[in-house]
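Below, each chain spelled out in residue letters.
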Amino acid sequence: MKRIPTFIMVLACAVASAQNINDVVRYSSENILGTPRYQAMGGAFGALGGDLSALNVNPAGSAVFNYSQLTFSGSNYNRNNDALFGNTLQNTELNSLELNQAGGVFVFKSSDSPWKKLALAFNYDMVRNFDNEFFAAGNTTNGIDNYFLNFANGQALGPLRVQDGEFIEDAYLDIGSSIGFGAQQAFLGFQAVLIDPTVDDDANTTYFSNAEYTGVNQEYLQSTTGYNSKFTLNFAGQYQENLYLGAALNFHTVVYDRVTLLDEDGYDAASPIQFTSFDNFLHTEGYGFSFSVGGIAKLNDNIRVGGTYQSPTWYELTDDIAQRINTNLAVSDIDFINFNVVNFFEEYRIKTPSKLTGSVAVIFGQDGLLSFDYGYQDMSQAELRPTADPNFASENDFIAGQLGVVNTYRIGGELRFDEVSLRAGYRYEDSPYENGDIVGDLTAYSGGIGYNFGGSRLDLAFSRSEQDVIESLFDSGINSTAMVNRINTNITLGYTLKF
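About the thresholds
Residues numbered from 1 in each chain as written. Predicted model: local features only at pLDDT ≥ 70, side-chain atom pairs only at ≥ 80, totals over all residues. Heavy atoms only, no water. Helix = DSSP H or I, 4+ residues; strand = E, 2+ residues; numbered from the N terminus. Buried < 20%, exposed > 50% of the residue type's maximum accessible area, 1.4 Å probe, protein only. Contact = heavy atoms within 4.5 Å. Lys, Arg positive; Asp, Glu negative; His and termini not counted. Charge placed at Lys NZ, Arg CZ, Asp CG, Glu CD. Pairing = 2+ DSSP bridges. Polar contact = N/O pair within 3.5 Å; in protein donor to acceptor, adjacent residues only side chain to side chain. Axes fitted to C-alpha atoms, helices over the stretch in contact; angles between N-to-C directions. Parallel < 35°, antiparallel > 145°, perpendicular 65-115°, else oblique. Left-handed = near helix turned anticlockwise from the far one by under 90°.

Novice: How would you explain the overall build of the chain if you had to name every residue and give the values?
Specialist: For the chain, the helix and strand inventory stands at 6 helices and 21 strands. Looking at the chain residue by residue over its 499 residues, the buried ones come to 55%. Considering only contacts within the chain whose residues lie at least 6 apart along the sequence, 73% involve residues at least 24 apart. Averaging the coordinates of the 27 positive side-chain charges in the chain and doing the same for the 58 negative ones gives two points 15 Å apart.

Novice: Tell me about the pairing of strand E19 (residues 442-452), and please be specific about residues and values.
Specialist: Across 10 bridges, the pairing between strand E18 (residues 420-429) and E19 is antiparallel. The residue bridging Ser-421 from the neighbouring strand is Gly-450, located in E19. Summarising the sheet, E19 and strand E20 (residues 456-472) pair through 10 bridges and their orientation is antiparallel. Across the sheet, the residue bridging to Tyr-445 is Arg-464, located in E20.

Novice: Kindly report on the side chain of Gln-222, identifying the contributing residues and their values.
Specialist: With respect to the element layout, Gln-222 can be found in strand E8 (residues 216-239). Within polar-contact distance, the side chain of Gln-222 engages the side chain of Tyr-220 at 3.4 Å. Not counting residues up to four positions away in its chain, the partners in contact with Gln-222 are Asn-132, Glu-133, Phe-134, Arg-258, Val-259, Thr-260 and Glu-471.

Novice: Can you lay out the packing of helix H3 (residues 145-152) against helix H5 (residues 181-191) for me, pointing to particular residues and giving the numbers?
Specialist: As a packed pair, H3 and H5 sit with axes 8 Å apart at the nearest point and diverge in direction by 130°. Here H3 lies oblique to H5, going by the angle between them. The handedness of the crossing between H3 and H5 is left-handed. Across the interface between the two elements, Tyr-147, Phe-148, Phe-151 and Ala-152 of H3 pack against Phe-181, Gly-182, Gln-185, Ala-186, Leu-188 and Gly-189 of H5.

Shown next as structure tokens:
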């Protein structure tokens, strides 16, 4: 049989790895980032306004400002992950520093119109920081050979061969463009000699593993970087004394990189395969658009209520993928393509669900305030598009059955002592899955302090969130999972200049 075993590092250029429910969940959720005041109070600003990041909750909030101002915020993100794989627990910690917010608002007052104030605002917020990492290591009976067998069985052997005079990279790319991602995975397993055909015939469609074991040792590292940012253009006005109305256009930018590294050994002494490594690199980038409308009403001097409609977000994304595989049966006598080579895949779209938010706040004059927000989002309405694509249609049916309603509760408070403000917040968010074991509910606590210099203000916030997640090491073919306890801690410093 014609085969070139080697250390293979190749790229697909025509058929991407299948987009699935994980992509939908990733781009549908937003963290409580933004200004320190916003973070310290748990993001409970729907009936308050008066903060640039509060425009993410209610676009009417810019009309609450009494003065024009600029705000800039930077955060240190700490990610602490405990990953349980088999009976082994591994800890990983990561820190990153980002300028996560910048924006301004311009307030125009009128004395001879029922519209007492008009406000124009712009704001950049990093609504999701993807910098993260977890490491899992342990013994399992589910070897990586099962991943390749899953894709290979049913696939004819003929296309998996490298033809005379053909480079292995070209063969891989040709398979991707003509047959698809699944056949590419079968190709990798076959060329690395991890799997072999039952019969050495081009028409053969059954395969067996060259790995013999009762259990294998696996080490798996997943490292992600990137962000989901939102740039908001906002217009709002105060009508008479008690009503604020606003609207916003939101422009989203996504950059997401994920590297997964798997090393496997511990096979039986008589096994032809004695070690396997299998690495993947995914790069996603794209943009999105959404809009929001909202209002805030003063019921009296102490109580305000707010309501917001956040439209779906329509994303257009592209994926690039690189893979490499090695085994002790492979030889390394030909060139390979490295991860720096980028080929773009066909564009696809994701529509995340709309969101409704209701809010109430109690104002205690100049002494402080309490605020509460409730958010409702039906994640089962998320879609991969185009919906006419048969693969997306079946995955959308799966999404509708697996995802459910996300209820979000936010509580925030502030006490003021002359120029000093003390703040605290709490946030609870339901799992987006009907089965809460896959992704658990999120709980978060926050606090902060601010000092008002008159023409400017300095704010500091601390926030901590915790969530349990079952991480699948691979999307299909192998059901290995790690239980990861995620603890995210943010420290944010911001400066506001009034003018």
